[in-house]
Amino acid sequence: MKNTLARGLMNLLPMALSLWLFWSLFVSLDGLGIVILELVGINQHIVGTGFILVVALVFVVGLLFSVSPIVWIYGWIERQLMRFPLFKSVYGSIRDIASLMNRDGKPTSQKTVLVKQANGSFVVGFIMTDTPPQPLLDALPEGDWVPVLFQLSYQMAGVTSLIKRDDLIMVDWSFEEAMRFNLTAGISQTPTNP
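As annotated in an unreviewed UniProt entry, the protein chain carries the name DUF502 domain-containing protein and comes from Shewanella glacialipiscicola.

Here it is as structure tokens:
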């Protein structure tokens, strides 16, 4: 009975949590849209109209960002806000994470690598960019150094180390699959065809 209960929980829990998360997002966005509708004087609405309004507004903003003057104004506002250190740290981190998720069909520049440890074991890492910032290059000894991210399991945190390119073993494995592997401590793996 214990195994049956565990099997049921392991199959039901991910689906239930995912549906709950998406439903909560839908309800939150719908509520935001309803507030916007009420601000303009529309008090009668159907469930989902607020959500549709928010999605439409996001689409319109996406269209506006294809117009040069809007992009220039937004860039100017962004530069002014980036003068505040706390805002710069928080906003910069969120923007960088968002840019990782939105590649617009561009190939990923991140590469999966293995790094040999002193005890003979290997750690999965990711080359996030081919060139470290110049101040780091100036401080490092001679060599072809690259920043490698070691993602921590079950966290949105990781450790970035500067490693010589010669010490890396390149792995032909997509960034998404390798990141899923790292984030779940190897539990989540894409099935291979026999």
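Visitor: Which residues make up the side chain of T112, and what values go with them?
Guide: Residue position: T112 is located in strand β1 (residues 111–116). A polar contact is formed between the side chain of T112 and the backbone oxygen of W173, at a distance of 3.0 Å. Ignoring anything within four residues of it in the chain, the contact list for T112 reads V124, G125, F126, I169, M170, V171, W173, S174, F175 and A178.

Visitor: Break down the pairing of strand β2 (residues 122–127) for me, with residues and values.
Guide: The side chains of a regular strand alternate, residue by residue, between the two faces of the sheet. One ladder, built from six bridges, connects β1 with β2; its direction is antiparallel. Its bridge partner lying in β2, V113 is registered against G125.

Visitor: Outline the UniProt feature "transmembrane region" (unreviewed entry) in the protein chain, supporting the account with residue identities and numerical values.
Guide: Per the UniProt record, "transmembrane region" (unreviewed entry) is found at residues 12–37 and 49–77. Taken end to end, residues 49–77 has its terminal C-alpha atoms 31 Å apart, with 90% of it in helix and 0% in strand.

Visitor: How would you sum up the pattern of salt bridges? Please name residues and give values.
Guide: All told, the structure shown has three salt bridges when counted by the stated rule. The closest approach of N and O atoms between D130 and K111, which form a salt bridge, is 3.5 Å. Here K111 lies in strand β1 and D130 lies in the loop between β2 and α5 (134–139), a separation of 19 residues in the sequence. Looking at D130, the relative accessible area reads 37%, which means it is partly exposed. By relative accessible area, which is 32% here, K111 ends up partly exposed. Here the salt bridges share partners, and the residues they tie into one network are K111, D130, D144 and R165.

Visitor: Let's hear about the sheet that holds strand β4 (residues 158–164): which residues, and what values?
Guide: Sheet strands line up and pair through hydrogen bonds in the backbone, either parallel or antiparallel. Spatial ordering of the open sheet is given by β4-β3-β2-β1-β5, a layout of five strands whose pairing is antiparallel. In the strand order of this sheet, the two ends are held by β4 and β5 (168–171), each with one partner. Neighbour-to-neighbour, the strand axes of the sheet open up by a mean angle of 40 degrees, direction not taken into account. Pairing analysis gives two bridges linking β2 to strand β3 (residues 145–151), with the strands arranged antiparallel. Residue pairing in the sheet places I127 in a bridge with V148 of β3. Against the sheet, helix α6 (residues 175–183) contacts β1, β2 and β3, and its axis sits at roughly 135 degrees relative to β2.

Procedures and definitions
- Residues numbered from 1 in each chain as written.
- Predicted model: local features only at pLDDT ≥ 70, side-chain atom pairs only at ≥ 80, totals over all residues.
- Heavy atoms only, no water.
- Helix = DSSP H or I, 4+ residues; strand = E, 2+ residues; numbered from the N terminus.
- Polar contact = N/O pair within 3.5 Å; in protein donor to acceptor, adjacent residues only side chain to side chain.
- Contact = heavy atoms within 4.5 Å.
- Pairing = 2+ DSSP bridges.
- UniProt positions renumbered as here; feature names shortened; annotations may be inferred.
- Salt bridge = Lys/Arg side-chain N within 4 Å of Asp/Glu carboxyl O.
- Buried < 20%, exposed > 50% of the residue type's maximum accessible area, 1.4 Å probe, protein only.
- Axes fitted to C-alpha atoms, helices over the stretch in contact; angles between N-to-C directions.

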